[in-house]
Amino acid sequence: MKVTSHVVARMLGTWQEGPGPAHQRLSDRLRLLVLDGRLPLGSTLPSERDLATALSTSRTTVGAAYRTLVEHGYLATRARAKATVRLPDDPPPERRSGTNSATIDLSFAAPPAPVEILHAAFAAALEQLPRHFERHGYDRNGTAELREAVAHWYQRRGLPTPPDHILITNGAQHALALLARTLLSPRDQVLIDHPTYPHAISTFTEVRARLLPVAVASSGWDTAQLHAAGRIATLAYLIPDFHNPTGLCMPTSARQSLKLACPTVIDETMTDLALDRASPDPFAIHMPTAISIGSVSKSIWGGLRIGWIRATPSLLERVQQTRHATDLGTPVVEQLATAILLDEDQTQRPGTLEQLRSQRDVLRQALTEDLPDLHVPQPAGGLTLWATFPQPISSRLAAIAPDYGVTIAAGPRFGIGGAFERNIRLPYTLPQDQLTQAIRRLAQAEQALTRGATGAHSPAPVA
Ligand SMILES: Cc1ncc(COP(=O)(O)O)c(C=O)c1O
């Protein structure tokens, strides 16, 4: 796949800012795009000349940046062929020594599987499976068992839901992509939280919609601004329950007063991850027209790849028509197992929530000790801290962090136009010792950055 110079320029955002030579800043930013998966492996980059023009910089700067990436294994070049994105075969030397030096991945916010509970659910699902054998197995709405189980899950939370208002998808991301393809046309405007879940940005960009960001500040959502943006948007996409990345939860009063003029997709993927308060009511209690999407990826396990859309049967019919072009349904065994897990009420397990709470507290404590300048609000739920540095160093820090044995998601991933350069998202889904170690390494990277290190010349060993 060829990535055009304009797309690369847009992804790079404000790469010119910051200390050090321009070519190093450029190679750091490009390296971060590779590590973040935004420049896919195997894709080809624009020529030096095209990228230099798109970035209004010199060809020498782009050439030097590309050479650095080739040297460090992030680009492959062949005669007369364009530079192709790759990953280094071996970790850099500073990461190879020591037994405790494997990179700690803080870029993913997803908990591990509850092993015994999953084993039991799959064993029970296999016993139920034969009753599906006489049918063809293509259930484009999902199996009756799971649609009923999801409908009961809403019902238990106070929102009556007939099973024909549920369509099962392969995760909430799939649900969002199907809705985007069904409801949006190129150049339509989509109201989004800012910051927001990064793959939502890619989803809307892929259908060539324009983004209309409304700030989610530390004080939360501004309903007046949401109403104003809702008047010009074709669609709104909000994450009111333990918002990714901030962990904020929209207060009931705001939910009650919100009446957007455009169709509104409410992402409730995080709703069961209530740590210091009760789970919020389903949003559609307050906004009956809301199109809700949900998932068991965060509350049970991402590997199940089960999510859903709750909407009117007529909208679900349209979504189904869209779905024909991409996939023909969700695997039956996973659906049966998830129905069992939902019927057993396994989405809010006290032990798991307690573990997340203590991991969150350990992470906050480690940040207080090792990165005392970082401002770290305490979220009441979700899986992540959204921390703020005094300086705009997020992308540069994310670029050099792997050399110190830790990967993080830089703030600009969660916004558009290069915003959130002072923020990083830190998940608390890993065991406590790994979280403490990761923050120690991040602090080393931050100190090196202050001394002027860049990703291409990272000096320090991993402790
Ligand atoms: C807000 C939000 N929505 C959707 C998703 C995707 O969920 P799934 O794994 O069910 O596709 C995520 C995953 O991180 C998320 O944070």
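Since the model is a prediction, treat every value here as computed from it, not as a measurement. Counting of residues starts from 1 at the beginning of each chain's written sequence and follows it residue by residue. Only residues with pLDDT of at least 70 get local features here, since the model is predicted, and only at 80 or more are side-chain atom pairs given and counted; chain-wide, interface and lining totals rely on the full set of residues. Where side-chain values are given, they derive from all heavy atoms of the structure, hydrogens and water being excluded.

What about the overall build of the protein?
As a reminder, the rule being used: The secondary structure listing takes helices from DSSP runs of H or I that are at least 4 residues long and strands from runs of E that are at least 2 residues long, numbered from the N terminus. Each radius of gyration is computed over the set of C-alpha atoms, and the globule rule expresses the reference value as 2.2 Å times the number of residues to the power 0.38. The Shrake-Rupley method, run with a 1.4 Å probe, gives the accessible areas here. Residue values count only the displayed protein chains as cover. Counted as positive: Lys and Arg. Counted as negative: Asp and Glu, with His and the chain ends omitted from the count. Lysine's charge is taken at NZ, arginine's at CZ, aspartate's at CG and glutamate's at CD.
The helix and strand inventory of the protein stands at 16 helices and 14 strands. The C-alpha atoms of the protein give 23 Å as radius of gyration, which agrees with the globular expectation for 463 residues (23 Å, within 12%). If one aligns the C-alpha atoms of the protein with their principal axes, the spans along those axes are about 60 × 50 × 45 Å. Split by element, the accessible area of the protein, about 19700 Å² in all, is 53% carbon and sulfur. Within the protein, the 42 negative side-chain charges are centred at a point lying 8 Å from the centre of the 45 positive side-chain charges.

With respect to the site of the ligand
Cut-off, in case you're wondering: We call a residue near a molecule or strand as soon as one heavy atom of that residue lies within 4 Å of the molecule or strand. Whenever a nitrogen or oxygen atom comes within 3.5 Å of another N or O atom, the pair is scored as a polar contact, on the condition that within protein one atom can donate a hydrogen and the other can accept it, and that pairs from neighbouring residues in sequence are kept only if both atoms are in side chains. Following the grouping adopted for this structure description, the nonpolar residues are Ala, Val, Leu, Ile, Met, Phe, Trp, Tyr, Cys and Pro, the charged ones are Asp, Glu, Lys and Arg, and the polar ones are all others, Gly among them.
As a structural note, the neighbourhood of the ligand is formed by 13 residues, with A172, D267, S295, S297 and K298 the closest of them. T269 is positioned such that a nitrogen or oxygen atom in its side chain is 3.4 Å from a nitrogen atom of the ligand. Summarising the interface, the protein chains cover 91% of the accessible area of the ligand, which totals 400 Å² for the free molecule. Considering only residue class, the shell around the ligand consists of four nonpolar, six polar and three charged.

Re the side chain of S295
This is how the line gets drawn: By the convention used here, residues are in contact when the closest approach between their heavy atoms is within 4.5 Å.
For S295, the location among the structural elements is in strand β10 (residues 291-295). Non-local contacts of S295, meaning those with residues more than four positions away in its chain, are made with A172, T269, I306, G307 and W308.

With respect to the pattern of salt bridges
Threshold: Each reported salt bridge corresponds to a side-chain nitrogen of Lys or Arg within 4 Å of a carboxyl oxygen of Asp or Glu.
All chains considered together, the criterion is met by 12 salt bridges. With its nearest N and O atoms 3.1 Å apart, the salt bridge here joins R131 to E145. Linking R131 in the loop between α6 (115-128) and α7 (144-156) with E145 in helix α7, this pair joins segments that are 14 residues apart in sequence. The shortest N-O distance in the salt bridge between R255 and D241 comes to 2.7 Å.

Quick notes on the sheet that holds β10
Keep this limit in mind: When DSSP finds two or more bridges between two strands, those strands count as paired. Interaxial angle, 0 to 180 degrees, is taken between N-to-C directions of lines fitted to C-alpha atoms, where a helix line uses only the stretch in contact.
Taken in spatial order, the eight strands of this open sheet run β4-β11-β10-β9-β8-β5-β6-β7, and their pairing is mixed. Only two strands of the sheet have a single partner each, and these edge strands are β4 (166-169) and β7 (220-221). Note: β10 against strand β11 (residues 307-310), four bridges, orientation antiparallel. Its bridge partner being in β11, S292 is matched across the sheet by R310. Contacts from α7 reach β4, β10 and β11 within the one sheet, and its direction differs from that of β4 by about 115°. Where helix α12 (residues 313-323) meets the sheet, it contacts β4, β10 and β11, and its direction lies at approximately 25° from that of β4.

A look at the nonpolar core
Using the following cut-off: What we call a nonpolar core is a set of buried Ala, Val, Leu, Ile, Met, Phe, Trp, Tyr and Cys residues that are connected through their side-chain atoms within 4.5 Å. Three labels apply to residues, based on accessible area from a 1.4 Å probe with only protein chains included: buried if under 20% of the type maximum, exposed if over 50%, partly exposed otherwise in between.
Within the largest apolar cluster, 46 residues are counted, with the highest numbers of intra-cluster contacts made by L146, V150, L191, L226, L258, L260 and W308. Taken together, the elements giving at least two residues each to this core come down to α6, α7, β4, β6 (210-217), α10 (223-232), β8 (235-238) and α13 (332-343). Per-element tally for this core: the top contributor is α13, with eight residues. Ignoring sequence-local partners within four residues, the contact set of L146 consists of I168, I306, Q335, T338, A339 and L342. Residues A274, Y404, A438 and A448 belong to the second largest nonpolar core, which totals 43 residues.

Let's talk about the packing of helix α3 (residues 48-55) against helix α4 (residues 59-71)
Our working definition: Put simply, angles under 35 degrees are roughly parallel, angles over 145 are roughly antiparallel, angles from 65 to 115 are roughly perpendicular, and the rest are oblique. A crossing counts as left-handed when the near helix is turned anticlockwise from the far one by less than a right angle, and as right-handed when that turn is clockwise.
Taken N-terminus to C-terminus, the directions of α3 and α4 make an angle of 120°; their axes are 8 Å apart at the nearest point. By the angle between their directions, the pair α3 and α4 is classed as oblique. As α3 packs across α4, the resulting crossing turns out to be right-handed. Residue-level inspection shows E48, R49, L51 and A52 of α3 in contact with α4, the latter providing R59, V62, G63 and Y66. A breakdown of the residues in the contact of α3 with α4 according to their chemical character gives four nonpolar, one polar and three charged.

A word on the environment of V376
Of note, V376 is situated in the loop between α14 (350-370) and β12 (384-388). Judged by relative accessible area, which is 15%, V376 ranks as buried. As for V376 and I424, which are separated by 48 residues in sequence, their C-alpha atoms are 10.0 Å apart. In this structure V376 touches R364, L367, L385 and A387, once residues within four positions along its chain are discounted.

Quick notes on a nonpolar patch on the surface
Applied cut-off: For patch building, the residue pool is restricted to those with more than 30% relative accessible area and no salt bridge; the joining distance is 9 Å between like charges and 5 Å between nonpolar side chains (Val, Leu, Ile, Met, Phe, Trp, Tyr).
On the surface, L35, L41 and L87 cluster together into a nonpolar patch covering about 250 Å² of accessible area. For L35, the position within the fold is in helix α2 (residues 22-35). Residue class for L35 comes out partly exposed when judged on its relative accessible area of 33%.

Side note on the environment of A419
Within the secondary structure, A419 sits in the loop between β13 (406-410) and β14 (423-427). Relative accessible area serves as the criterion here: at 23%, A419 is assigned to the partly exposed category. For the pair formed by A419 and T14, sequence separation is 405 residues and the distance between their alpha carbons is 8.9 Å. Setting aside its immediate chain neighbours within four residues, A419 contacts H194, G411 and P412.

Notes on the pairing of β11
Of the two faces of β11, the one carrying G307 and I309 and the one carrying W308 and R310 are both buried. As paired strands, β4 and β11 are joined by four bridges and run antiparallel to one another. Its bridge partner being in β11, I166 is matched across the sheet by R310.

Observations concerning the packing of aromatic side chains
Threshold: In this scheme Phe, Tyr and Trp rings, the latter by its six-membered ring, pair at centre separations within 6.5 Å, and the angle between planes marks the pair as stacked below 30 degrees, edge-to-face above 60, and tilted otherwise.
Considering all chains together, one arrives at five aromatic pairs under this definition. Taking 5.0 Å as the distance between ring centres and 75° as the angle between the ring planes, the aromatic pair formed by W153 and Y154 counts as edge-to-face. The interplanar angle of 70° and the centroid separation of 5.3 Å between the aromatic rings of W153 and W308 together place this pair among those described as edge-to-face. With W153 in helix α7 and W308 in strand β11, the pair connects residues that are 155 residues apart, well separated along the chain. Each member of the pair, W153 together with W308, is buried.

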